[in-house]
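Secondary and tertiary structure notes
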Amino acid sequence: MASASYTLEVDWDNTWSIGAAAAFTHAQANITNDIITLHCRRGLAAGASLFHQLQSGQLTVELNNKTGKYSPNNTGSVLTGLIQPGHWVRLRTTAVDGGAYARTLWGGRLLNIKALGKAKNKVSYAVLTAIGDLGWHAKRVIQQMPKATLLSGSVFTKTMTAITGRTTFTNHTIDAGLFAFDVYTGEGKNGYDALYEICVAEAGRLYEDTEGKMGFKQRHARLQDTKSVTAQATLSDAAGAAFSYDSIKQVDSSEVGMIYNEVAADYQKRTAQAQATLWTLATTPSLLPGESKTFWAIYPNLASPTNAVQVNAWLTLVATTDYLANSAANGSGVDYTADIGVVLTKSTGYMQITLTNNAAVEIYITLLQARGTPLTEDDAVRFVVEDTTSQAAYGDRRYPIVPILSPSLAPGAAGDVGTLDWARFHLAMYKDKFQMFDCEVMGNRSTATLQNLANLDLDNRVTVVANGDSQLGISSLDCFIEAIEHKIDKAKNHRTRYILSETTPTGGWWTWGYAMWGTTTRFAY
């Protein structure tokens, strides 16, 4: 039987940065020899629609803990104080049948290690749990994010910065996108919801690569990416096949709730209004010499129009126009406005104003206001499209997402047309039944099989042949990889499970310059 060599490592000293080529440096980083069983997964959430919904990568490892090395409360462990959430975890192949074959299978962040107070097969063990970078940042609430009037990929990048604090993503897969937002901010949303919202508007896909890095794929990605256009392998039950599987299960899309024959989308136009005073301080605070105070100009507020939603642009405060300082609370006495230091932090829903008294005496802030150009939104207009043929066959099935889209005026098409196209696109994708497969492969059957398991990735196109012992009657059907699971034990037995979907729903489109027109293709947008 074929065999691969694996390395499971943890960045215990938290010095590795995402996308770096350098190895983990801690002396105890390599924990491969302690593996009892390992299970990792990436890809589509179970029962999710093919577009948008990604489940963050997950890794669970049972570790030999007979020395108490992985017990967080063991002060005698070489890892004392180092078992902390957030450290990077990485699973790699280093060789296949003795030949060098370096590939990363999974990467993400340590959640916890739990030492279990019992023996398993007479060996004390601990369970390590890790999650992809998307899952790590999923619940982080975006506190501040400038508005973005850009293509979806740029908006995605700005949102990533707001979530992670990182400003460069050169090692991430982030497509430019096709959907142009008139304005977007994820302020107040958690990380996953904000990124998901962008993917819904684009009709694109959240992505997490083998290292755990978050990414974004636009709606035409499967029509353009080489590994999605050309089959990367053939999974076959034919005798003597180079890449054969142990089992394959056909899943009807209607059984897992992936047929939708009514799709709705709301279009809501936003308009930048004329410059105005958006907020005024109602009190007269004092500042002692050298003292600083911070004031939050919130918009919209109780005095705002009912259709106000955000600030398009805050103006920088102007002395004597937007703020005044005097020696007396009633505005009389000496004018100390020139002695006020001002620091501003601007966002779409507020401006943070920090005032510092640089005078040698106590002063009073007798005027403080914030001006800017507000954004208002019209009442939403809902577009609904349906397919009566599908409804007759499967009953009425409504797509569960009704987005509120505010696209900018794309060349040749107004925002409402773009919203209608979004609904039509999803209806064409989900109105008909399509095939999915649950396929399991034993990697140790051959060197080529293990190499395929190390190479194949999400969104790759593969060809399925299932007209032999499996008796599915499929001579050749191209599919996309939607999810990947690896299971590896101490003996290096390696089993991989693929969730596959036939290419027609998400790949059977025709776009100029990317696809060949034929009887099974449809216009995309």
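Look up: the structure comes first, before these words.
Since we're looking at a predicted model, the values are computed, not measured. (Residues numbered from 1 in each chain as written. Predicted model: local features only at pLDDT ≥ 70, side-chain atom pairs only at ≥ 80, totals over all residues. Heavy atoms only, no water.)

Thoughts on the overall build of the protein chain
We count it as follows: Helix and strand definitions follow DSSP, with helices as H or I runs of at least four residues and strands as E runs of at least two, each counted in order from the N terminus. Using a 1.4 Å probe on the protein chains alone, a residue whose accessible area is under 20% of its type maximum counts as buried, one over 50% counts as exposed, and one in between counts as partly exposed. Should any heavy atoms of two residues lie within 4.5 Å, those residues are counted as being in contact. Note on areas: Shrake-Rupley, 1.4 Å probe, and residue coverage restricted to the protein chains presented here.
Secondary structure assignment for the protein chain yields nine helices and 28 strands. Counting over 525 residues, the protein chain shows a buried share of 51%. Considering only residue pairs separated by 6 or more positions, the protein chain has 71% of its internal contacts joining residues 24 or more positions apart. Surface summary for the protein chain: the accessible area is close to 23000 Å², and the carbon and sulfur share equals 51%.

Examining the sheet that holds strand β11 (residues 262-267)
Heads up, the condition is: Strands were regarded as paired on the criterion that DSSP finds at least two bridges between them.
If you walk across this open sheet you meet the three strands as β21-β11-β22, and the pairing is mixed. Because the sheet does not close on itself, it has two edges, and the strands there are β21 (381-386) and β22 (404-405).

Remarks on the pairing of strand β20 (residues 363-377)
Within β20, twelve of the 15 residues are buried, which leaves the element mostly enclosed by the surrounding structure. Examined bridge by bridge, strand β12 (residues 270-272) and β20 share three bridges and lie antiparallel to one another. Counted as the bridge partner of T271 is T376 from β20. The pairing of strand β13 (residues 276-280) with β20 spans four bridges and is antiparallel. Bridge pairing in β20 links W279 to A370. Examined bridge by bridge, strand β14 (residues 286-287) and β20 share two bridges and lie antiparallel to one another. Directly across from L287, in β20, lies its bridge partner I363.

Some thoughts on the pairing of strand β23 (residues 435-442)
For a regular strand, side-chain orientation follows a simple rule: the groups alternate between the two sheet faces. Of all eight residues making up β23, six are buried, and the element is well covered by its neighbours. As paired strands, strand β10 (residues 247-252) and β23 are joined by six bridges and run antiparallel to one another. Along β23, the bridge assignment pairs S247 with E440.

Some remarks on the environment of L8
Positionally, L8 belongs in strand β1 (residues 4-10). It is 8.7 Å that separates the C-alpha atoms of L8 and N33, two residues lying 25 residues apart in sequence. Apart from the residues within four sequence positions on either side, L8 is in contact with A29, N30, I31, T32, I35, L38, L59, V61, V89, R90 and L91.

Comments concerning the environment of G81
By the secondary structure assignment, G81 is in the loop between β3 (54-64) and β4 (88-96). Judged by its relative accessible area of 53%, G81 falls in the exposed class. Remark: the alpha-carbon pair of G81 and D13, spanning 68 residues in sequence, is separated by 9.9 Å.

Quick notes on the layout of surface pockets
Worth spelling out the cut-off: Each cavity reported here is a set of points on a 1 Å grid over the protein atoms alone in which a 1.4 Å probe fits but cannot get out, each pocket an open set with protein on both sides within 12 Å along at least five of seven lines, and each lining residue one with an atom within 4 Å of a point. Grid points are joined across faces, edges and corners, and a volume is the space filled by probe spheres set on the points. Note on residue classes: Ala, Val, Leu, Ile, Met, Phe, Trp, Tyr, Cys and Pro are nonpolar, Asp, Glu, Lys and Arg are charged, and everything else, Gly too, is polar.
Taken as a whole, the largest pocket holds about 400 Å³ of empty space. In this structure, the largest pocket is lined by 21 residues; those nearest its centre are Y184, K189, E197, R270 and I404. Secondary structure elements with two or more residues in the lining of the largest pocket: α3 (191-202), β16 (308-314) and β22. With five residues, α3 is the single largest residue contributor to the lining of the largest pocket. The residue makeup of the lining of the largest pocket, split by class, is 13 nonpolar, four polar and four charged.

A look at the side chain of R205
For clarity, the threshold we go by: Counting of polar contacts relies on pairs of N or O atoms within 3.5 Å, with two restrictions inside protein: one atom must be capable of donating a hydrogen and the other of accepting it, and residues adjacent in sequence are counted only when both atoms are side-chain atoms.
Turning to its location among the elements, R205 is positioned in strand β7 (residues 205-208). Reaching out from R205, the side chain makes a polar contact with the side chain of D459 at a distance of 3.3 Å.

Comments concerning the packing of helix α2 (residues 152-164) against α3
Relative orientation and spacing of two packed helices are given, respectively, by the angle between their axes and the distance between those axes. To keep it simple, the criterion reads: Here an axis means a line fitted to C-alpha atoms, over the contact stretch when the element is a helix, while the angle between two N-to-C directions is reported on a 0 to 180 degree scale. Note that the term roughly parallel is reserved for angles under 35 degrees, roughly antiparallel for angles over 145, roughly perpendicular for angles of 65 to 115, and oblique for everything else.
Here α2 crosses α3 at 180°, and the two axes come no closer than 10 Å. Taken together, the axis directions place α2 and α3 in an arrangement best described as roughly antiparallel. Between α2 and α3, the contacting residues are S152, V155, F156, T159, M160 and I163 on the first element and G191, A194, L195, I198, C199 and E202 on the second.

Quick look at α3
We count it as follows: The span you would expect from a helix comes to 1.5 Å times its residue count less one.
In this model α3 runs 17 Å from its N-terminal to its C-terminal C-alpha over twelve residues, within 8% of the 16 Å that 1.5 Å per residue would give. Burial within α3 is extensive, with ten of its twelve residues counted as buried. Burial in α3 covers these residues: G191, Y192, A194, L195, Y196, I198, C199, V200, A201 and E202.

Topic: the pattern of salt bridges
This is how the line gets drawn: By definition, a salt bridge exists where a carboxyl oxygen of Asp or Glu is found within 4 Å of a side-chain nitrogen of Lys or Arg.
Summed over the entire model, instances satisfying the criterion amount to 28 salt bridges. As a salt-bridge pair, K189 and E197 come within 3.6 Å of each other at their nearest N and O atoms. Given the relative accessible area of 26%, K189 is considered partly exposed. According to the relative accessible area criterion, E197 is partly exposed, its value standing at 33%. Here D421 and R424 are joined by a salt bridge, their closest N and O atoms 3.8 Å apart.

A short note on unusual backbone geometry
Most peptide bonds are trans, and most residues other than glycine sit at a negative phi. Here Y299 and P300 are connected by a cis peptide whose omega angle stands at 0°. Here N14, not a glycine, exhibits a phi torsion of approximately 55°, which is positive. Along the chain, the position of N14 falls in the loop between β1 and β2 (35-44). Since its relative accessible area comes to 46%, N14 is described here as partly exposed. Even without being a glycine, Q471 presents a positive backbone phi close to 60°. Tracing the chain through its elements places Q471 in the loop between β24 (461-466) and β25 (474-489). Given the relative accessible area of 65%, Q471 is considered exposed.

Concerning the nonpolar core
Soluble globular proteins tend to bury their nonpolar side chains together. Put simply, the test is: To form a nonpolar core, buried Ala, Val, Leu, Ile, Met, Phe, Trp, Tyr and Cys residues must be joined to one another through side-chain atoms within 4.5 Å.
If you look at the biggest cluster of nonpolar residues, it comprises 46 residues, and the most contacted ones within it are F156, L195 and W422. Not counting residues within four places of it along the chain, the set of residues in contact with F156 comprises I174, L195, I198, C199, L206, G215 and F216. Formed by 30 residues, the second largest nonpolar core is a distinct cluster that contains I83, L110, A130 and I488.

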